[in-house]
Amino acid sequence: MRFPLVIVCSLLLLSFKQSNDTRQISLDFSSRILERGKYVSVSGQVFFRKTDGVLTTHLVKPFENVTIVNAAGEMKIYDPIANTIIQNHSALNSSESSYFYHFLNGSYNDLGYGKAGYVISGTRLEKGLMITNWVPRKGFSTPISSIELAQEKSLPIFVSFKDNRNKLLGKIYFSSYQKIGSLQLPLKITEIMYKEKKDSVITVKHYSNPKLNQAADAAWLDFKIPANARVIETK
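As the structure is a prediction and not an experimental result, all values here were calculated from the model. (Residues numbered from 1 in each chain as written. Predicted model: local features only at pLDDT ≥ 70, side-chain atom pairs only at ≥ 80, totals over all residues. Heavy atoms only, no water.)

### With respect to the nonpolar core
Part 1 of the argument: Counting residues in each nonpolar core, the largest one holds 28 residues, and the members touching the most others are Tyr113 and Val159.
Part 2 of the argument: For this core, the secondary-structure elements that each account for two or more residues are β1 (24–35), β2 (38–49), β3 (54–61), β9 (146–152), β10 (155–162), β11 (168–180), β12 (183–194) and β13 (200–212).
Part 3 of the argument: Setting aside chain neighbours within four positions, we find Val159 in contact with Leu111, Tyr113, Ile147, Glu148, Leu149, Gly170, Lys171, Ile172 and Phe174.
Part 4 of the argument: Core analysis: the next-biggest nonpolar cluster, separate from the first, contains 10 residues, Val54, Tyr78, Leu221 and Ala229 among them. (Core = buried A, V, L, I, M, F, W, Y, C linked by side-chain atoms within 4.5 Å. Buried < 20%, exposed > 50% of the residue type's maximum accessible area, 1.4 Å probe, protein only. Helix = DSSP H or I, 4+ residues; strand = E, 2+ residues; numbered from the N terminus. Contact = heavy atoms within 4.5 Å.)

Put into structure tokens, the structure is as follows:
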């Protein structure tokens, strides 16, 4: 069985607070995905290196593969059992689009929405939270027409997305923040993505065993796909 690419990519979603001393980091993750009354469990490790923006995910359950993404949007998904590669090059793949990247590089205040093509349409204080609303800048075409970001003491705790009909597309909750060195890490992320006919996909992700700098396993950050691997898809 092969899991949908969108779920593999979604596992990369994580955030961190900036630290000039943090060069690379790794964490274990486990995730439960509920769709149409059925659960799927996913687990593995994720690795990030700040200097070149390389983000590597080693998936071990429900099957093994290695996904490597860089800041230029080059993605390679390697299946070690079949010795095959899926390649994709798109700005949407860039490691800069992940929460991982923005928190390590200090842009967690807007989670990269400004760079992605959105502008602030309003802000307000509500029950101790700073609420910021974002809309696409003029001329920017996107299916997400509004974003609401809630922060507590500068840390994101909630994001919601709507389309141009004001229909709610999804919500993301960041919780269980833990101080690791100088970093504040949300070790639990809950995503709710709404589909047609009132259906939804709920993903609860837990992160653990954080390691910084030399303690992180550089072998996966420097992982090289075998030269004899067969390319089965390129986009």
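### Examining the pairing of β10
Part 1 of the argument: Extensive coverage of β10 is indicated by the burial of 6 of its 8 residues.
Part 2 of the argument: Relative to β10, β9 runs antiparallel, the two being bridged by 7 bridges. Bridge pairing in β10 places Ile147 opposite Phe161.
Part 3 of the argument: With 5 bridges joining them, β10 and β11 adopt antiparallel strand pairing. Across the sheet, the residue bridging to Phe161 is Gly170, located in β11.
Part 4 of the argument: Between the end of β10 and the start of β11, which pair antiparallel, lie 5 residues, with Asn166 showing a positive phi angle near 65 degrees. (Pairing = 2+ DSSP bridges.)

### Here's the deal with the side chain of Asp110
Part 1 of the argument: With respect to the element layout, Asp110 can be found in the loop between α2 (99–104) and α3 (113–116).
Part 2 of the argument: Nearest to the buried, unbridged Asp110 among oppositely charged side chains is Arg137, at 8.9 Å.
Part 3 of the argument: For Asp110, the side chain forms a polar contact with the main-chain nitrogen of Gly112, separated by 2.9 Å.
Part 4 of the argument: Setting aside chain neighbours within four positions, we find Asp110 in contact with Trp134 and Leu149. (Lys, Arg positive; Asp, Glu negative; His and termini not counted. Salt bridge = Lys/Arg side-chain N within 4 Å of Asp/Glu carboxyl O. Polar contact = N/O pair within 3.5 Å; in protein donor to acceptor, adjacent residues only side chain to side chain.)

### A word on the pattern of salt bridges
Part 1 of the argument: Counted by the stated rule, this structure contains 8 salt bridges.
Part 2 of the argument: The partner of Arg49 in a salt bridge is Asp222, and the shortest N-O contact between them spans 2.7 Å. A residue pair is termed long-range when its members are at least 10 positions apart, and Arg49 in strand β2 and Asp222 in the loop between α4 (218–221) and β14 (230–234) qualify at 173 residues.
Part 3 of the argument: For Arg165, the salt bridge goes to Asp163, with nearest N and O atoms at 3.4 Å.
Part 4 of the argument: Asp163 sits in the buried class, given a relative accessible area of 8%.
Part 5 of the argument: Here the residues in one salt-bridge network are Arg49, Asp52 and Asp222, joined through shared partners.

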